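# Per-entry structural report
Here is how the chains run, residue by residue.
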Amino acid sequence: MLVLAASVLPVLAMLWLLLENRAATVAQARDQLIARAEIIANELDDKIAGTAQLLFGLGRVPLLGGDDKAACSAFLADVLKEHPQYTGLLTITPEGGLHCDSLRSGRTLNLTDRRYFQQALTSQGPVVEPVIGRLTGKGVLQIAYPVRAADGALRYILLASLDMDAYGRAVVQALPYARMHFQVWNRDGSVIMDNPGPGSAKMEAGAGERQFMLAQSTHASETLGTGMQARIWAKASLPRSHDAGLSLALSVPEDELNERVGGQFKRALAGLVAMALLIFAGAALLGEFAVRRQTARLMKAISRMDAGDYSAPIGAPYPRGELGQVMQVLDRMAVSLEQQRQEIGRKTEALEHLASIDALTGLANRRMLTDRLDQALIHARRSGRVAGVLMLDLDRFKTVNDSLGHGQGDVLLQTVAGRLVECVREGDTVARLGGDEFVVVLSDMADVSDIVPVAQKILAALARPVEIGQQLLSVSTSLGIAVYPHDGETAGALLQYADTAMYRAKDQGGNAMAFFTAEMMQAMIARLQLEAGLRRALEQGELRLHYQPIIDAASGRITSAEALVRWQDPQRGLVPPMDFIPIAEETGLIVPIGDWVLREACAQARSWRDLGLGEIPVAVNLSARQFSAPSLDESVAQALQACDCPASLLQLEITESSIMDQVEQALETMHRLTALGVQLTIDDFGTGYSSLSQLKRLPVRKLKIDRTFVHDIPVDADDDIFVDAILSLAGKLGLRTVAEGIETPEQVTFLASRGCDEYQGFLFSRPCEPEAFARVLRERNADGMAESLTVSTPGAG
């Protein structure tokens, strides 16, 4: 009985909601009527705006302003075919006569009495007027657009007749009530258009309707009439085309609107009664089939599933009806959840495996390496044993990738991985960090000396040739070793130290191993300090340029200078370039340093010229990274422009290796530089891998003979031959030559006999500061021709 009594409460509540909903639905229907009127007004406004845009575009067609009426009418007829919403398109002369029309009627009309014509005479924009078309006899909305000349004079008027009859029929077909009316009213209270619904006839507007439509009140809806004649009216004006003076009206009989709402209420009430009967029947059935007992079984099953136990189903017998279906669904759900849990467990295990394994080689990745290394260190710490970390990097692996492709490189990495696994014990770890870097963790070692045989075995195994396709490759490795607890006690420290030792092995030429030492630590700290200091030096202006004269062999005069960068460190003093340039190359600081050198060199060359010291070009060395930068020519141009320095006072020295790595790209860069007026020199010629076939293509003016060849002439006959060959080659190619590193008169004598054009070295002057260089320049070039090549030593090198 309690269930039956409780079932009545929701029925009463729903009945109350239905009554409330009925009242709200009536109010909502009125609001929807107003909203529909506003939507129709917006649509008509959009049509007017669209027509204005069309007329604006047609006003730019020269044909419409010409004298050929037939061609004009034919053109408008074609436009009308594309826009069937218009009954006609025509042009009107400033005198009010019909010029041409899309209907090709050939009639002569005088339209001066039309309001739209009179307004268009003075208007700058479109004019809208509802009328009955003289040519078509249809209710239309005339939209006139004055086309004016550049001086503002009226050339003609374009007129489009929007078919309001068709528009009204289309609107009525979409109205929700059969006896609904759609009307368009003019500003004077006249009905321009009256389109009744399919279940209604046209009606005459009375005083009440006219007062409602012309009233300026904010009420957009009102009930007019009484009894069976009562109608609900809604009005809306055009939101943008206020000048047209048009407003729209929708009206529907009040009894029709209420009838629809009442029908909805009756259907909902019938559904409510049916639902109440079902509720009463269901309540009786639930009581009859012991709802409480079955519910208890269900709740116990839900509690087990909530606790994660899917193994004990509810089981048969299942009660009839929805409760039994719920029990069956829960049992199936329990089976499905158990299967999903098992599947999730398998996939989680697989994902954890994939997350710890390098996909290419099947070795441990960085994540698993960290875990294994931590475990090895814990074991070593507890047992007092030793653990070794071996960092490996394949020598010249990039060459394999570049020459054979990444696919063959991957095969090589897989082969290396297999050989590494064969070299260690089962409990050791082999991991790939990425690229060609591998790590081997030797756990549970008795002594440091036990690590050496394993390392030697690895070096020997990786040194064996590898057959890849039809290629037989010999790829060695560089191996760095850090040992717990001697070198460090954490995984991060040991990996870092092993990496440092590996680079020491690379410095030894590769195919070697190196243990981490305290000296390496000191060198690493010193390098980091040097790198930090170099960044500060660039920011705080601690860099300096020294200049070394370059002497013309024929005249003995200083004809140019080489700019050499120095670092004036507050603590270290003057730091030579060999100590910081390699670090600048590795860290990328060489690019901003190079830009600074370009600006300083240009400024100094301009300064010497302004001091009356003559045109002394300054040669600047370009690093490989600076030369490969796509914006190098822009940096050079900016430096020249910033210092107002002629391009002839800047020379750029480029090493052979920088050019030959990417010949075509280098050629493009060199041509862009020479286009600026800058001269190019190949620096350290003879030490790189010169290609004579490429040399003749390079837009260079000079070859600079490296000091390693000059140093031993005329002592070493081989060097004599090399220098002689370079000078001969340069002469045949029309290139000037500069010998650097000259320290003895004998070297000058030899070079002069072989036709060297310019000299540079300590014999003439060490690199010096700009002021000292200016003194050397004045002394040597004071006379028109230096009588001899003498030694000058201003400043310290």
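Because the structure is predicted, anything quoted here is derived from the model rather than measured.

## Observations concerning the nonpolar core
- The biggest cluster of nonpolar side chains holds 82 residues, and the ones touching the most others in it are Leu652 and Leu751.
- Of the residues forming this core, the biggest block, nine residues, is contributed by helix α16 (residues 590-610).
- Setting aside chain neighbours within four positions, we find Leu652 in contact with Leu598, Val620, Leu622, Val636, Leu673, Val678, Gln679, Leu680 and Thr681.
- Residues Ala37, Val79, Val172 and Met193 belong to the second largest nonpolar core, which totals 48 residues.

## Section: the side chain of Arg780
- The topology assignment puts Arg780 in helix α25 (residues 770-780).
- Buried within the structure, Arg780 lacks any salt-bridge partner; its nearest side chain of opposite charge belongs to Glu779, at an N-O separation of 7.8 Å.
- For Arg780, the side chain forms a polar contact with the main-chain oxygen of Gly556, separated by 3.2 Å.

## Regarding the packing of aromatic side chains
- Within the structure shown, the criterion is met by nine aromatic pairs.
- Ring geometry for Phe709 versus Phe722: centroids 5.7 Å apart, planes at 45°, classification tilted. Of the two residues, Phe709 sits in helix α22 (residues 707-710) while Phe722 sits in helix α23 (residues 717-733), which places them 13 residues apart along the sequence.
- Of the residues examined, Phe709 reaches a relative accessible area of 12% and is grouped as buried.
- According to the relative accessible area criterion, Phe722 is partly exposed, its value standing at 46%.
- Measuring from centroid to centroid gives 6.1 Å for Tyr759 and Phe764, while their planes differ by 5°, and the two rings are stacked.
- On the accessibility criterion, Tyr759 (1% relative accessible area) is buried.
- A connected cluster of aromatic rings, assembled from ring pairs, spans Tyr547, Trp608 and Phe773.
- The ring of Phe56 carries Arg60 above its face, with NZ or CZ at 4.0 Å from the centroid.

## Quick word on the sheet that holds strand β10 (residues 247-253)
- A sheet is described by the order of its strands in space; here five strands give the open sequence β7-β6-β10-β9-β8, paired in antiparallel fashion. Single-partner strands in this sheet number two, and they are β7 (191-196) and β8 (221-224). Averaged over neighbouring strand pairs, the angle between their axes works out to 20° when direction is ignored.
- Pairing analysis gives five bridges linking strand β6 (residues 181-185) to β10, with the strands arranged antiparallel. For Val184, the partnering residue across the bridge sits in β10 and is Leu248.
- The strands touched by helix α4 (residues 164-173) within the sheet are β6 and β7, with β7 carrying the most contacts at an inclination of about 40°.

## Notes on empty space enclosed by the protein
- Under the defined criterion, the tally for this structure stands at four cavities of 30 Å³ or more.
- Taken as a whole, the second largest cavity spans an internal volume of roughly 50 Å³.
- Together, Ala301, Arg304, Met305, Asp309, Tyr310, Ala312, Pro313, Ile314, Leu330, Asp331 and Ala334 line the second largest cavity.
- Of all elements in the fold, only α7 (291-306) and α8 (322-355) reach the threshold of two or more residues within the lining of the second largest cavity.
- Looking at the lining of the second largest cavity, its residues break down into eight nonpolar, no polar and three charged.

## Brief notes about the state of the cysteines
- Enumeration over the complete set of coordinates arrives at one disulfide.
- Here Cys72 is linked by a disulfide to Cys100, with a sulfur-sulfur distance of 1.9 Å. One end of the pair, Cys72, is in helix α2 (residues 69-82); the other, Cys100, is in strand β2 (residues 98-101), with 28 residues separating them in the sequence.

## Digging into unusual backbone geometry
- Cis peptide bonds are those with omega within 30 degrees of zero, and the linkage from Tyr484 to Pro485 qualifies with 0°.
- Mapped onto the secondary structure, Pro485 falls in the loop between β16 (477-484) and α13 (491-507).
- Even without a glycine there, the phi angle at Asn511 is positive, about 50°.
- Mapped onto the secondary structure, Asn511 falls in the loop between α13 and β17 (512-515).

## With respect to helix α9 (residues 366-383)
- Taking 1.5 Å per residue as the helical rise, α9 with its 18 residues ought to reach 26 Å, and the 25 Å between its terminal C-alpha atoms agrees with that figure.
- For α9, the full list of buried residues reads Met368, Leu369, Leu373, Ala376, Leu377 and Ala380. Projection of α9 onto a plane perpendicular to its axis shows the buried side chains occupying an angular sector of 165°, all on one side. Counted as exposed and oriented over 90 degrees from the buried face of α9: Arg367 and Arg382.
- Those residues of α9 hidden inside the fold are in contact with β11 (386-394), β12 (429-434), β13 (437-445), β16 and α13.

## Describing the environment of Phe397
- Here Phe397 is to be found in helix α10 (residues 397-404).
- Spatially, the C-alpha atoms of Phe397 and Gly435 are 9.1 Å apart, while their sequence positions differ by 38 residues.
- With sequence-adjacent residues up to four places away left out, Phe397 is seen in contact with Gly409, Leu412, Leu413 and Asp436.

## Side note on the environment of Phe627
- With respect to the helices and strands, Phe627 occurs in helix α17 (residues 624-628).
- For the pair Phe627 and Ser658, spaced 31 residues apart in sequence, the C-alpha separation works out to 7.2 Å.
- Other than its neighbours up to four places away in sequence, Phe627 contacts Leu622, Leu632, Ile654, Ser658, Ile659, Ala666, Thr669 and Met670.

## Section: the pattern of salt bridges
- In total, this model carries 22 salt bridges according to the counting rule given.
- Note that Asp569 and Arg572 form a salt bridge whose closest N and O atoms lie 3.2 Å from each other.
- What makes Asp569 buried here is its relative accessible area of 2%.
- With a closest N to O distance of 2.8 Å, Lys704 and Glu653 form a salt bridge. A residue pair is termed long-range when its members are at least 10 positions apart, and Lys704 in strand β24 (residues 702-705) and Glu653 in strand β22 (residues 650-655) qualify at 51 residues.
- Taking the relative accessible area as the measure of exposure, Glu653 reaches 3% and is therefore buried.

## With respect to the sheet that holds strand β4 (residues 139-148)
- Read from one edge to the other, the open sheet built from five strands follows the order β2-β1-β5-β4-β3, with strand pairing classed as antiparallel. Each of the sheet's edge strands pairs with one partner strand only, and the pair in question is β2 and β3 (127-132). Neighbouring strand axes in the sheet, compared pairwise and without regard to direction, differ in orientation by 25° on average.
- Inspection of the sheet shows strand β1 (residues 86-92) paired to strand β5 (residues 154-163) by six bridges, in the antiparallel sense. Paired with Ile92 across the two strands is Ile157, which belongs to β5.
- Sheet strands in contact with α2 are β1 and β2, and its direction is about 150° off that of β1.

The rules we used
Residues numbered from 1 in each chain as written. Predicted model: local features only at pLDDT ≥ 70, side-chain atom pairs only at ≥ 80, totals over all residues. Heavy atoms only, no water. Core = buried A, V, L, I, M, F, W, Y, C linked by side-chain atoms within 4.5 Å. Buried < 20%, exposed > 50% of the residue type's maximum accessible area, 1.4 Å probe, protein only. Helix = DSSP H or I, 4+ residues; strand = E, 2+ residues; numbered from the N terminus. Contact = heavy atoms within 4.5 Å. Lys, Arg positive; Asp, Glu negative; His and termini not counted. Salt bridge = Lys/Arg side-chain N within 4 Å of Asp/Glu carboxyl O. Polar contact = N/O pair within 3.5 Å; in protein donor to acceptor, adjacent residues only side chain to side chain. Phe/Tyr/Trp six-rings, centres within 6.5 Å; stacked < 30°, edge-to-face > 60°. Lys NZ or Arg CZ within 6 Å of the ring centre and 35° of its normal. Pairing = 2+ DSSP bridges. Axes fitted to C-alpha atoms, helices over the stretch in contact; angles between N-to-C directions. 1 Å grid on protein atoms, 1.4 Å probe; cavity = no way out; pocket = protein on both sides within 12 Å on 5 of 7 lines; lining within 4 Å. Points joined across faces, edges and corners; volume = space filled by probe spheres on them. Nonpolar A, V, L, I, M, F, W, Y, C, P; charged D, E, K, R; others polar. Disulfide = S-S within 2.5 Å. Expected span 1.5 Å × (residues − 1). Arc of directions from axis to C-beta.

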